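Single-letter residue listing:
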Amino acid sequence: TGDSGRVRHRLRVYYDGQIVAEETRQFDIRGGRISSPWPDAYQWYDRNVPGCENPGFLESEFRVEEGDIYFVGNTPLAFYSIYSAAGKKGFLSDNAYKFSAPPVIAQIAAYARYVDTYPAVRLDRERDYGDSLVLINPYNKPILCSVKTMDKRKLPRFRVPALSARYLHLENLFEENESTWTGEIQLTANNRLVTFDIKHALSDIRTISDHEHLDPFRADPTHMPLFQWCRAYVGEVLSRRFGI
């Protein structure tokens, strides 16, 4: 909102704590509308960063630089990143808050831990089904995390360095002489991570068939006192019937 000013849009690509690409765009606002030309969609071409076998991540930041304009909320823009490559399946990825994600704030306040869940992991050696997590740490300190399953399997504690991303290979959940496993996982960490699940060929993690976000273990209340429930129920009935 506001009449005039300038917004800076900065995009940075990180690999192993280093910025390997950066671009800054500016939007001029006049009369409450964007007056500068609209830019093309930003594209990052995988250049096989030398010596880096780990995934990277892109950070997109909007900031008011001058003028009387300001953001009325901190909700990120609702758009998807599009992944495509010749000879491979294309897929979409939703984006995530770096700061101020409401479910994460409530969760850590309630449990003092970051907890993510994913209900549909499937591993199969014979069918070449692989499943891995992508763990993004966009912050300035390393994060320690661990993964447990509903059948009491557990992966060793895993460290994600600052400003870096890592694969966590779920095939390590296999027990000796086991060729298939299906189940649910829970990830805990000492700080917030940006997490995704990728389904891929077990023989080649770069052959991806699906890319999904994990779900935060929510701290929302599931019960309320009886009299409070009665008031809410009566209010809902009156609202539907009489428009009160």
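Below is a summary of the structure that appears in this document. (Residues numbered from 1 in each chain as written. Predicted model: local features only at pLDDT ≥ 70, side-chain atom pairs only at ≥ 80, totals over all residues. Heavy atoms only, no water.)

## Concerning the overall build of the chain
Item 1. The helix and strand tally for the chain stands at 2 helices and 15 strands.
Item 2. Taking the principal axes of the C-alpha coordinates as reference, the chain spans close to 65 × 60 × 35 Å.
Item 3. In the chain, buried positions account for 34% of the 244 residues.
Item 4. For the chain, contacts bridging at least 24 residues in sequence account for 66% of all contacts bridging at least 6.
Item 5. If the 31 positive side-chain charges of the chain are averaged to one point and the 32 negative ones to another, these points end up 5 Å apart. (Helix = DSSP H or I, 4+ residues; strand = E, 2+ residues; numbered from the N terminus. Buried < 20%, exposed > 50% of the residue type's maximum accessible area, 1.4 Å probe, protein only. Contact = heavy atoms within 4.5 Å. Lys, Arg positive; Asp, Glu negative; His and termini not counted. Charge placed at Lys NZ, Arg CZ, Asp CG, Glu CD.)

## Considering the sheet that holds strand β1 (residues 5–15)
Item 1. The 4 strands lie next to each other as β3-β2-β1-β4, forming an open sheet whose pairing is antiparallel. The open sheet terminates on both sides in strands that have one partner only, identified here as β3 (33–34) and β4 (57–67).
Item 2. Sheet topology places strand β2 (residues 18–30) next to β3; 2 bridges connect them, and they run antiparallel. Across the sheet, the residue bridging to Ile 29 is Ile 34, located in β3. (Pairing = 2+ DSSP bridges.)

## Points about the nonpolar core
The nonpolar side chains of a soluble globular protein tend to be buried, and buried together.
Item 1. Formed by 24 residues in total, the largest nonpolar core has its most connected members in Leu 133, Ile 185, Leu 187 and Leu 193.
Item 2. Counting 12 residues, the second largest nonpolar core, distinct from the first, contains Phe 57, Val 134, Ile 136 and Ile 198. (Core = buried A, V, L, I, M, F, W, Y, C linked by side-chain atoms within 4.5 Å.)

## Quick look at the environment of Phe 27
Item 1. By the secondary structure assignment, Phe 27 is in strand β2.
Item 2. Its relative accessible area of 10% is what places Phe 27 among the buried residues.
Item 3. For Phe 27 and Val 7, which are 20 residues apart along the polypeptide, the C-alpha to C-alpha distance reads 5.1 Å.
Item 4. Beyond its immediate stretch of four places on either side in the chain, Phe 27 contacts Gly 5, Arg 6, Val 7, His 9, Ile 34, Ser 36, Pro 39 and Phe 62.

## With respect to unusual backbone geometry
Item 1. A positive phi angle is found at Ser 100, which is not glycine, with a value near 65 degrees.
Item 2. Inspection of the secondary structure puts Ser 100 in the loop between β6 (91–94) and α1 (102–111).
Item 3. The phi dihedral of Asp 128 falls on the positive side, at around 65 degrees, and the residue is not glycine.

## Here's the deal with the side chain of Arg 192
Item 1. Looking at the secondary structure, you find Arg 192 in the loop between β12 (180–189) and β13 (194–201).
Item 2. Here Arg 192 sits buried without a salt bridge, and the closest side chain of opposite charge, Asp 116, lies 6.6 Å off (N-O distance).
Item 3. A distance of 2.8 Å separates the side chain of Arg 192 from the backbone oxygen of Tyr 97, its partner in a polar contact.
Item 4. With residues up to four places along the chain from it excluded, the contact list for Arg 192 reads Ala 96, Tyr 97, Lys 98, Ala 101, Val 104, Tyr 114, Tyr 139 and Ile 143. (Salt bridge = Lys/Arg side-chain N within 4 Å of Asp/Glu carboxyl O. Polar contact = N/O pair within 3.5 Å; in protein donor to acceptor, adjacent residues only side chain to side chain.)

## As for the pairing of strand β9 (residues 143–149)
Item 1. Most of β9 is tucked away, with 5 of its 7 residues classed as buried.
Item 2. Sheet topology places β9 next to strand β10 (residues 158–160); 3 bridges connect them, and they run antiparallel. Paired with Leu 144 across the bridge in β10 is Arg 159.
Item 3. The sheet contact formed by β9 and β12 spans 5 bridges and is antiparallel. From the neighbouring strand, Thr 149 faces β12, where its bridge partner is Ile 185.

## Some words on the pattern of salt bridges
Item 1. On inspection of all chains with the given rule, the structure shows 15 salt bridges.
Item 2. Residue Arg 166 pairs with Asp 16 through a salt bridge whose shortest N-O separation is 2.7 Å. Residue Arg 166 is found in strand β11 (residues 164–169), and its partner Asp 16 is found in the loop between β1 and β2; the two are separated by 150 residues along the sequence.
Item 3. Taking relative accessible area as the criterion, Arg 166 reaches 16% and is therefore assigned buried.
Item 4. When its relative accessible area of 31% is taken as the criterion, Asp 16 is described as partly exposed.
Item 5. When salt bridges with common partners are traced through the structure, they connect Arg 8, Arg 10, Glu 61, Arg 63 and Glu 65 into a single cluster.

## Some words on the packing of aromatic side chains
Item 1. In this structure the tally under the stated criterion is 6 aromatic pairs.
Item 2. Where Trp 229 meets Tyr 233, the ring centres are 5.4 Å apart and the plane angle is 10 degrees; that geometry is what we call stacked. Within this pair, Trp 229 and its partner Tyr 233 are both found in helix α2 (residues 226–242), separated by 4 residues, close to a single helical turn. (Phe/Tyr/Trp six-rings, centres within 6.5 Å; stacked < 30°, edge-to-face > 60°.)

## Concerning the side chain of Thr 149
Item 1. If you trace the backbone, Thr 149 turns up in strand β9.
Item 2. Among the polar contacts made by the side chain of Thr 149, one reaches the side chain of Asp 151 at a distance of 2.3 Å.
Item 3. When near neighbours in sequence (up to four residues on either side) are disregarded, Thr 149 contacts Leu 173, Trp 181, Glu 184 and Ile 185.

Everything listed here is a matter of coordinates, which is why it stays silent on function.
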